[in-house]
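Examination of the molecular architecture
Here is how the chains run, residue by residue.
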Amino acid sequence: MSAPRVRARRRRAVAALVLVAALLVASPAAAYIDPGTGSMLVQALVAGVAGAALATKTYWRRIRAFFGGAPDDDAAARRAPDGRDGAARSEPDDA
Amino acid sequence: MTHAAAATRDGASFRDPSGFVFRRDGVLYRQVAARHAAHYRRAVDSGLYVDLAREGLLVAQEEVGLEHAAAPGAVAVLRPEPLPFVSHPYEWGFAQLRAAALLTLRVQIEALARGMTLKDASAYNVQFVGHRAVFIDHLSFEVYEPGRPWVAYRQFCEHFVAPLALAAHGDVRWLALLRSWLEGVPLDFASRALPWRTRLRPGLFAHLHLHARYQRAHADDARAPAEAGRAARARVSERGMQGLVASLESTVRGLALALPTTAWGDYYADTNYDDAAFAAKRAAVAGAIDGVQPRLVFDLGANTGVFTRLASERGAYAVAFDVDAAAVERAYEGAVERRDERLLPLRLDLANPSPDQGFAHDERASLASRGPADLVLALALVHHLAIGANVPLDRIAAYFARLGRALVVEFVPKSDSQVARMLATREDVFPDYARAPFEAAFAPWFAIESATAIEGSERVLYRMTRRAG
């Protein structure tokens, strides 16, 4: 067997091993519904942005509070289980 | 070890291998499978079940002995508190679907705070007790692994975000899609049907439009292992997860219904009743309810639920069905304002009521399968079925007999202006629409207990009892 062919086979074997390892490590809990490939990828992106937005918001509130800004009433409004109070509010989406 | 009495497995409880729901001797149980043991333990030990139930967000349940198990392999058997009536998301109004979405997110927040996460976000995990949305699936919780994305994200968008957005930015009648698509509205469909301007809303752009585009782009990834591996390696930090849930919440809160003024929304401002006749009708209906002492009442064609309340205020659990979206929204608004846990408004077209459907017609029960009620109210309704939908009187009577053991039904004659208005634009092909044929049509099914002429109108209120057999 020629050296290039051996190298190619070895590369394929390594690639296959890496793939198998990735799949084993990546899905420790089995979801019974199909989470959807596109849905998982877009979620990672959206969650990244939303997480950063949330962090900025929290940080901004702390700065405002430090300078004696008004305490926000968001937290209370968020907790309404039936969401009634939210109907009148027109909060911007903050994805 | 299994119990001797026969257990009937719930027809809708088969997707999740974590356990299943069954009924024995009329009592509802939920069996927890061994594979779900660790998750169940965490939900109990973290206080998640107790805390959610205390706040009225989750149906309370108690753990009963393993001897109650319906099949081998149980690690626990739960007995959830029974619900007064099971409704389907395609029967809810917009505000109810929205409340169910917010409840699901609230439950997810509470779960995350205790190291757990929802593994599904189906609208069918939510039920209503009057105005109050309540989560019912105790096995939806699994241990949260930091870094792992929310596996229920897609389902949440399909079950809640897509139909709510279509109703808010398109037409409330889009909610009818949920009856066909029990697994939610496909995002590519919603993305295409929504007006372009919804792309300018960050939440809808991300969770619907961008989401749909990603789904399309990665639809064939299963055939390309490298791509599939990429998705499996997708990571969402804990802060990202909180941001995602907060973003979904703000997106849902940002959706509101612009209700058209419909015939029904303003119905009570424009009826055939003057105040005295209205009071007489109320008294007659209240008297009939007192005579029956029902526990479960179906008010068919309930409009905003004014008469339904006569039943719920007398201790019955009353379901107010109406075909009109605006009427259902108003009835629900009223129930929320009163914090009414005995009156449930639902959307239903009696000319085409909810069927037995889902796999093997056995997942989502029809209206008739969820009955019979102790009492059916059919006030100012029969002319809509008989004349508006051309249903013969004897078929109306037969259907009512399937729905309830007792009946309070109002007959509205042709001379009444409401009926005259219906006949004004069409040919009168209803020679049998009169009191005598009406009574004859109901006689095979019901015994007429009383017939009360309503003072100040030409209408008659009947109280009937279903014949045995």
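An account of the accompanying structure is given in this report. None of the values given here were measured: they were computed from a predicted structure.

Inspection of the secondary structure puts Gln155(B) in helix H4 (residues 153-169). On the basis of relative accessible area, Gln155(B) is assigned to the buried category, the value being 9%.

For the rest of this paragraph, the subject is the sheet that holds strand S15 (residues 446-453) of chain B. All names here are of chain B. Strand order in this open sheet of seven strands is S12-S11-S10-S13-S14-S16-S15, and the pairing throughout is mixed. At either margin of the open sheet sits one strand with a lone partner, and together these are strand S12 (343-347) and S15. On average, adjacent strands in this sheet sit at an angle of 20° to one another, irrespective of strand direction. Seen against the sheet, helix H12 (residues 325-338) touches strand S11 (317-322) and S12 and runs at an angle of roughly 160° to S12.

Let us now look at unusual backbone geometry. Residues and elements named next belong to chain B. Note that the residue after glycine 371, namely proline 372, is joined by a cis bond; omega there is -5°. At aspartate 25, a residue that is not glycine, the phi angle is positive and equals roughly 50°. Within the secondary structure, aspartate 25 is located in the loop between strand S2 (19-24) and strand S3 (27-33). Owing to a relative accessible area of 67%, aspartate 25 belongs among the exposed residues under this scheme. Here histidine 361, not a glycine, exhibits a phi torsion of approximately 55°, which is positive. Relative to the elements of secondary structure, histidine 361 occurs in the loop between S12 and strand S13 (375-378).

Attention now goes to the packing of helix H3 (residues 94-113) of chain B against H12(B). Residue and element names in this part refer to chain B. Contact pair H3 / H12: the axes reach a minimum separation of 8 Å and the direction vectors enclose 55°. Viewed along their axes, H3 and H12 adopt a mutual orientation that is oblique. Residues Phe94, Ala95, Gln96 and Ala99 of H3 touch H12, and the partners they reach there are Val328, Glu329 and Tyr332. Its residues assigned to classes, the contact of H3 with H12 shows five nonpolar, one polar and one charged.

Turning next to the side chain of His211(B). When you line up the elements, His211(B) lands in helix H7 (residues 202-217). For His211(B), a relative accessible area of 0% puts it in the buried group. Looking at His211(B), its side chain comes within polar contact range of the side chain of Ser39(A), at 2.6 Å. Each residue touching His211(B), except ones within four places of it in the same chain, is listed here: Ser39(A), Val42(A), Tyr153(B), Arg154(B), Cys157(B), Leu187(B), Phe205(B) and Ala206(B).

Another aspect to go through is the packing of H4(B) against H7(B). All names here are of chain B. At a closest axis distance of 10 Å, the pairing of H4 and H7 adopts a crossing angle of 120°. Our classification of the angle between H4 and H7 gives oblique. Where H4 crosses over H7, the two elements pack in a sense that is left-handed. Between H4 and H7, the contacting residues are Tyr153, Arg154, Cys157, Glu158, Val161, Ala162, Ala165 and His169 on the first element and Leu204, Ala206, His207, Leu208, His211 and Gln215 on the second. Residue composition of the contact of H4 with H7, grouped by class: eight nonpolar, four polar and two charged.

Among the secondary structure elements, Leu385(B) is positioned in helix H13 (residues 382-388). Those residues in contact with Leu385(B) that lie beyond four places of it in its chain are Leu350(B), Ala351(B), Asn390(B), Val391(B), Ile396(B) and Phe400(B).

On the surface, Tyr59(A), Trp60(A), Ile63(A), Phe66(A) and Phe67(A) cluster together into a nonpolar patch covering about 680 Å² of accessible area. Summarising the element assignment, Trp60(A) is placed in helix H2 (residues 37-66).

A word on the nonpolar core. If you look at soluble globular proteins, the nonpolar side chains tend to sit buried side by side. The biggest cluster of nonpolar side chains holds 119 residues, and the ones touching the most others in it are Trp150(B), Phe298(B) and Phe400(B). At 12 residues, H3(B) tops the list of elements feeding residues into this core. Ignoring any residue separated from it by four or fewer positions in sequence, one finds Trp150(B) in contact with Met40(A), Gln43(A), Leu105(B), Gln108(B), Thr117(B), Leu118(B), Ala121(B), Phe156(B), Met241(B), Leu244(B) and Leu248(B).

Our focus in this paragraph is H3(B). Relative to the 28 Å expected for 20 residues at 1.5 Å per residue, H3(B) spans 29 Å between its end C-alpha atoms, a close match to the ideal helical length. Backbone geometry just after H3(B) places Gly115(B) at a positive phi near 75°.

Moving on: the pairing of strand S7 (residues 126-129) of chain B. Residue and element names in this part refer to chain B. The alternating pattern of S7 places Val126 and Phe128 on one face and Gln127 and Val129 on the opposite face, and all of these are buried. Direction of pairing for S7 relative to strand S8 (residues 132-135): antiparallel, over a ladder of four bridges. Its bridge partner lying in S8, valine 126 is registered against phenylalanine 135. Counted between consecutive antiparallel strands, the loop separating S7 from S8 contains two residues, among which glycine 130 sits at a positive phi close to 60°.

Thresholds applied
In this convention, every chain numbers its residues from 1, walking through the sequence in written order. Labels are handed out in written order, letters beginning with A for the chains and numbers beginning with 1 for the ligands. Predicted model: local features are reported for residues with pLDDT of at least 70 only, side-chain atom pairs are reported and counted for 80 or more only, and whole-chain, interface and lining totals are derived from all residues. Only heavy atoms go into the side-chain values, all of them from the structure, while hydrogens and water stay out. Only DSSP runs of H or I with at least four residues qualify as helices, and only runs of E with at least two residues qualify as strands; both kinds are numbered from the N terminus onward. Relative accessibility under 20% of the residue-type maximum defines a buried residue, over 50% an exposed one, and the middle range a partly exposed one, all with a 1.4 Å probe and only protein chains included. Any two strands are treated as partners once DSSP identifies two or more bridges connecting them. Every angle, taken between N-to-C directions, lies between 0 and 180 degrees, and every axis is a line fitted to C-alpha atoms, over only the stretch in contact when it is a helix. Contacts are residue-level and defined by heavy atoms, with any inter-residue pair within 4.5 Å sufficient. Roughly parallel means an angle under 35 degrees; roughly antiparallel means over 145; roughly perpendicular covers 65 to 115; every other angle is labelled oblique. All residues other than Ala, Val, Leu, Ile, Met, Phe, Trp, Tyr, Cys, Pro, Asp, Glu, Lys and Arg, Gly among them, are scored as polar; the first ten of these are nonpolar and the last four charged. The definition of a polar contact used here is a pair of N or O atoms within 3.5 Å, where within protein one atom must be able to donate a hydrogen and the other to accept one, and adjacent residues in sequence count solely through side-chain atom pairs. Should the near helix be turned anticlockwise from the far one by less than a right angle, the crossing is left-handed, and should it be turned clockwise, the crossing is right-handed. Patch membership needs two things, relative accessible area over 30% and no salt bridge, and members are linked within 9 Å if like-charged or within 5 Å if nonpolar (Val, Leu, Ile, Met, Phe, Trp, Tyr). Reported accessibility uses the Shrake-Rupley method at a 1.4 Å probe radius. Residues are deemed covered only where the shown protein chains occlude them. One side-chain nitrogen of Lys or Arg within 4 Å of one carboxyl oxygen of Asp or Glu is enough to make a salt bridge. Throughout this description, the term nonpolar core refers to a set of buried Ala, Val, Leu, Ile, Met, Phe, Trp, Tyr and Cys residues connected via side-chain atoms within 4.5 Å. To estimate how far a helix should reach, multiply one less than its number of residues by 1.5 Å.

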